[in-house]
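An overview of the molecular structure
This is what each chain is made of:
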Amino acid sequence: MAQVNVTIAGRSYRIACADGEERHLEGLAASLDAKIEEMRAAFGEIGDMRLHVMAAITIADEMAETRKKLAAVEAELSQLKSLANAGDERSQFIEARLAEGIGKAAERIERLAKSLNAPGQG
């Protein structure tokens, strides 16, 4: 198991993570640090714990909004897949009808050709 040193709000933390996840964890820590600094710039020095909680709540809110958007996109994708499947079924129905029509036309042409080639014709 790997370990990563990250700095959040001026404090260093050593955190364990799965091998290969080091950069991802560093990026997450950097995002949290940036959010805390953003809050500090907006609200001033109101206490580290309060800033950390506000940053965490803000990130949780952003994540909840992202989940809502993802759910909406997944619902839309599901509808599009249903429409595509319905379109495929309709296409198959139309193709079957066309094939049937072409088959009947071929039979009529064949009968017509036989009648034209029949002895005593011409």
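Being a predicted model, the structure only gives us computed values, none of them experimental.

Turning our attention to the side chain of Arg40. Within the secondary structure, Arg40 sits in helix α1 (residues 22-43). When its relative accessible area of 16% is taken as the criterion, Arg40 is described as buried. Once residues lying within four places of it in the same chain are set aside, the contact partners of Arg40 are Glu45, Asp48 and Leu51.

Turning our attention to the packing of α1 against helix α2 (residues 48-117). Axis separation between α1 and α2 bottoms out at 9 Å; the angle between their running directions is 115°. Two packed elements cross with a definite hand, and for α1 against α2 that hand is right-handed. Counting all contacts with α1, which are made through Leu32, Lys35, Ile36, Met39, Arg40 and Phe43, the residues of α2 involved are Asp48, Leu51, His52, Met54, Ala55, Thr58, Ile59 and Glu62. Counted by class, the contact of α1 with α2 contains 8 nonpolar, 2 polar and 4 charged residues.

Cut-off values and rules
Residues numbered from 1 in each chain as written. Predicted model: local features only at pLDDT ≥ 70, side-chain atom pairs only at ≥ 80, totals over all residues. Heavy atoms only, no water. Helix = DSSP H or I, 4+ residues; strand = E, 2+ residues; numbered from the N terminus. Buried < 20%, exposed > 50% of the residue type's maximum accessible area, 1.4 Å probe, protein only. Contact = heavy atoms within 4.5 Å. Axes fitted to C-alpha atoms, helices over the stretch in contact; angles between N-to-C directions. Left-handed = near helix turned anticlockwise from the far one by under 90°. Nonpolar A, V, L, I, M, F, W, Y, C, P; charged D, E, K, R; others polar.

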